[in-house]
Amino acid sequence: MTKDQRDEMTVSLALFMEPSTASWGERFTLEFMVVLLFVGAFMSLGATFWLPPFVLILVVHVGVVVWFYHLRTFNFNRFDLRFLMIPAAILLIDIWSSFPSVPPYYDRAYHLQISNRILDRWTWEPYHQGIPYSFRPELMSGIAAVELAWSGETYIVRSTPFLALVGTAWMLQHLSEQITTKARALFPPTIFLLFPIVLEFGRTMLLDVLIVGSLLCVVVFWIKQDEDSTPRSWFKIGLIAGCCGLVKYPYFYIGPWLGILLLYERTRLETKLVLAGWSVPTVLFLIRNTINQQDPLGPMNSQITGTYLSATSEFGLYTIDVFIEDFIAQWPVALFIFALLGTILIQKEHRPILFKTWVLLLPAFVLFAFVLDFGWVRYSTPWLALLSLGIPSMMQSHRLFHERLQSKAVVAVGAVVMLCMLSMTQAMMTDENLGGVSGVDVLKRSQDHAELFVGVGDVLPDGSILLAGNDITVGLYATNEAYRFGPSTDPVADSILVVDGTHVFTHTSMNRFSFELNWTYLLGSPMTPLADVSTENVNGYVWEVDPSRLDERRWWLENPGAVNGTGGQSADMVWLGEEATFSWPDNTAPHLIVRYDGPLPNAGVFNALLSEEHPDVLCRTLESCSELERSTHYDEQWLMWGVLA
C-alpha cells in the first residue's frame with residue numbers, strides 16, 4: 001500500500017468504504033433509471049395501442065412491486081447511505097432556487113398535454129411548426145402521466161422531474177465509481193447538479209436531463225457486462241438503447257451504433273441481442289406512427305428536414321463557435337481546465353471506459369456541434385456530464401506529483417475544486433437564468449400568467465375551440481381544445497375558418513404575435529367580447545366568434561368606405577378621430593357606436609362592450625344609431641361597427 005493510499009484511507013469516512021458484495025442501495029440506484037425508462041415507454045406506447053389508462057397504471061404498479069420484490073435478495077448496509085447525498089443535494093438546491101417552482105410553459109406544457117392525452121382526459125392535439133398533430137417524444141410524458149393519475153392535477157408535476165434528475169445523477173455516480181473511489185465519485189454528479197443549465201431546467205419537463213440519464217444507463221450497463229455478461233443483460237441494454245430514442249428522437253442511433261461497436265470487441269451474438277432489444281420499442285414506435293399519422297417517421301419528419309437543411313445549406317445561426325462558447329460558459333474556467341486534464345488522465349488506467357463513454361456519444365456530438373444550424377445550450381447537457389468525470393482524476397495526486405508533495409497536492413487540488421464549486425453555488429444563489437433574469441422574477445411572471453390561463457378555462461363553455469398565440473400553454477391550463485393562429489395577413493379570421501374556432505384569447509404580455517396588441521385589428525375581427533380575465537398583474541381577454549361578421553367579412557374588405565379626417569377602417573369596424581367623418585358604402589349602416597379616449601382604440605372599449613349600460617356605448621341597434629348625428633359629436637372619438645342593411 002502506498003503512502004498516498006494510506007492517507008486516503010485515513011481521511012475517508014466509513015460511508016465510502018468498499019462493501020464486499022453488491023448491496024440493496026447499489027442495485028436500487030443502478031436499476032432506478034431503467035425502471036423510469038420502462039415505465040415511460042410502456043405508458044406512452046401502451047396508450048397508443050388502445051390500452052385504457054387504468055390498465056396502464058395497474059400494470060406499472062404491478063411492475064414496480066415485482067421490481068422491489070426482486071430487490072429483496074440484496075442486503076442493505078451503511079455504505080448505501082452515500083446515495084442519499086444526491087437527493088439531499090437536490091432538495092438543498094430547491095431551498096435556494098426559484099426555478100423548480102416555475103409553472104410549465106411552451107415545450108414543457110407540450111409534454112404535459114401528452115400526459116393528459118395518455119390518461120384520456122382529452123384527444124385533441126396541437127398544431128405546431130406546421131404539423132397538425134403531436135410530434136414531441138412521449139416517454140417523459142408517460143412517466144408524468146403516472147404522477148398526474150395519482151395527484152389528479154393537470155399541469156402540476158413535481159415528482160417526475162425530481163426522479164429523472166435523481167436517477168440521472170445516480171447513473172453519473174455509478175459511472176464515476178468505475179474510475180475512482182466512492183468518495184471522489186460524488187464530485188461529478190454534485191457538479192452536474194450545479195451547472196447553470198441544470199439549475200434552471202433540471203427540475204422541469206424538458207428532456208435534456210432524462211436523456212443524459214438514459215445514455216449513461218447504456219454506458220454503465222455496457223461497462224458492467226465485463227463483470228457479468230448474459231444474453232438477458234445484453235437484450236436489456238438494447239431495450240434501454242431503444243428507450244433513448246423514445247426520450248429524444250436523434251438518439252435512436254444508439255442501438256445500431258452500439259451494435260457496430262460490439263462487433264469490434266464481442267461476437268455477433270451480443271450484437272444481435274442488443275439490436276433485438278433495441279428493435280422492440282423502435283418497431284412499436286414506427287407502428288404507432290403508421291397508425292396515427294400514416295407515416296412510420298411521422299413525428300421525426302420535422303427534425304429530419306431540419307437536419308437535412310442544416311447539412312446542405314445555411315439553415316440557422318447556431319455554429320460550432322456558438323456551441324463551444326455556450327458549452328464553456330457553463331463552467332468556471334479553473335474547473336473546466338481541471339475536467340479537460342482529468343479526462344486525459346483517465347486513459348492511463350481506464351482507457352476502455354473512456355472509449356466506451358465518449359465513442360458511444362460521438363455521433364450525437366458531431367450532429368449537435370457540427371451539423372445542426374439550430375440548437376440550445378441545454379442540448380450540450382450530455383457532454384457536461386461526461387466531462388465532469390475528469391475532475392476526480394485530477395484529485396488523485398500520485399499521478400501528477402512527487403511522493404513528497406502528494407499530501408500538500410491533495411489539499412491544494414481539493415481547495416481549487418471546492419472554490420470552483422462555490423463559484424457555481426454563487427450562480428445558484430443569485431438565481432438567474434441563462435438570460436440573466438432573476439429566478440424570482442421568472443417565477444412571479446409565470447405564476448401570474450398561469451393564473452390568467454386558468455381563468456380562460458373558467459369562462460369557456462363546454463365544447464369550445466379556442467384560438468390563442470400561446471395555444472399549447474393556454475390549452476393545458478384552461479384544459480380546453482386550443483390552436484395557434486396560422487400564418488396569414490388576416491390571422492384571426494382565417495384561423496377561425498381553418499379550425500372552426502368558437503373563441504379567441506389574446507393577452508398583452510408574453511404574447512406570441514404583435515397583432516394581439518393591435519386593438520384596431522382585434523375590434524375589427526369577426527368576434528365580440530366575452531370576458532375580461534385580467535388578473536392584478538396581467539391582462540387577458542376572451543372573445544366569442546361572431547358568425548354573421550365572419551360571413552360578411554369578405555364583403556367589407558372588398559367594399560371599404562371613406563374616412564374623412566383622422567381615422568381608419570378594419571373590415572366592418574371604423575374608428576374616427578375628432579372632427580372626422582365616414583362615408584358608408586351603399587346598403588350599409590352602423591349598428592353599434594362606442595366613444596373612446598386615447599390616440600387609438602384600447603382595452604377600455606372591450607370592457608365598455610361587456611357592460612349592458614356603459615356611458616361610452618352610444619347605441620347598440622340600427623334604429624338608435626341612425627338617430628345619432630356625427631355633427632353634434634365632432635369633439636368625440638368614435639368606434640362604429642357596420643352591418644349590411
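Here goes a summary of the coordinates provided. (Residues numbered from 1 in each chain as written. Predicted model: local features only at pLDDT ≥ 70, side-chain atom pairs only at ≥ 80, totals over all residues. Heavy atoms only, no water.)

## Remarks on the overall build of the chain
For step 1, the next point in the chain: Helix and strand counts for the chain come out as 27 helices and 12 strands.
For step 2, the next point in the chain: Burial analysis of the chain (645 residues in total) assigns 55% to the buried set.
For step 3, the next point in the chain: For the chain, contacts bridging at least 24 residues in sequence account for 74% of all contacts bridging at least 6.
For step 4, the next point in the chain: Here the chain has roughly 28,400 Å² of accessible surface; of this, 60% comes from carbon and sulfur atoms. (Helix = DSSP H or I, 4+ residues; strand = E, 2+ residues; numbered from the N terminus. Buried < 20%, exposed > 50% of the residue type's maximum accessible area, 1.4 Å probe, protein only. Contact = heavy atoms within 4.5 Å. Areas by Shrake-Rupley, 256 points an atom, 1.4 Å probe, with all protein chains shown as cover.)

## A word on the sheet that holds strand β3 (residues 503–507)
For step 1, the next point in the chain: Ordered by their spatial adjacency, 5 strands build an open sheet running β2-β1-β3-β5-β4, and the pairing between neighbours is mixed. The open sheet has two edge strands with one neighbour each: β2 (482–483) and β4 (527–532).
For step 2, the next point in the chain: Two strands pair when backbone bridges link them, and strand β1 (residues 466–468) and β2 are joined in this way by 2 bridges, in the parallel orientation. Its bridge partner lying in β2, Leu467 is registered against Tyr483. (Pairing = 2+ DSSP bridges.)

## Topic: the sheet that holds strand β12 (residues 637–644)
For step 1, the next point in the chain: If you walk across this open sheet you meet the 5 strands as β7-β8-β12-β10-β11, and the pairing is antiparallel. The open sheet has two edge strands, β7 (567–570) and β11 (617–619), and neither has a second partner. On average, adjacent strands in this sheet sit at an angle of 20° to one another, irrespective of strand direction.
For step 2, the next point in the chain: Bridge count for strand β10 (residues 588–596) against β12 is 8 bridges, and the pairing is antiparallel. Following the sheet pairing, Ala589 is matched in β12 by Val643.
For step 3, the next point in the chain: With respect to the sheet, helix α25 (residues 547–558) is in contact with β7, β10 and β12, its orientation differing from that of β12 by roughly 100°. (Axes fitted to C-alpha atoms, helices over the stretch in contact; angles between N-to-C directions.)

By themselves, these are just geometric observations and shouldn't be taken as functional.
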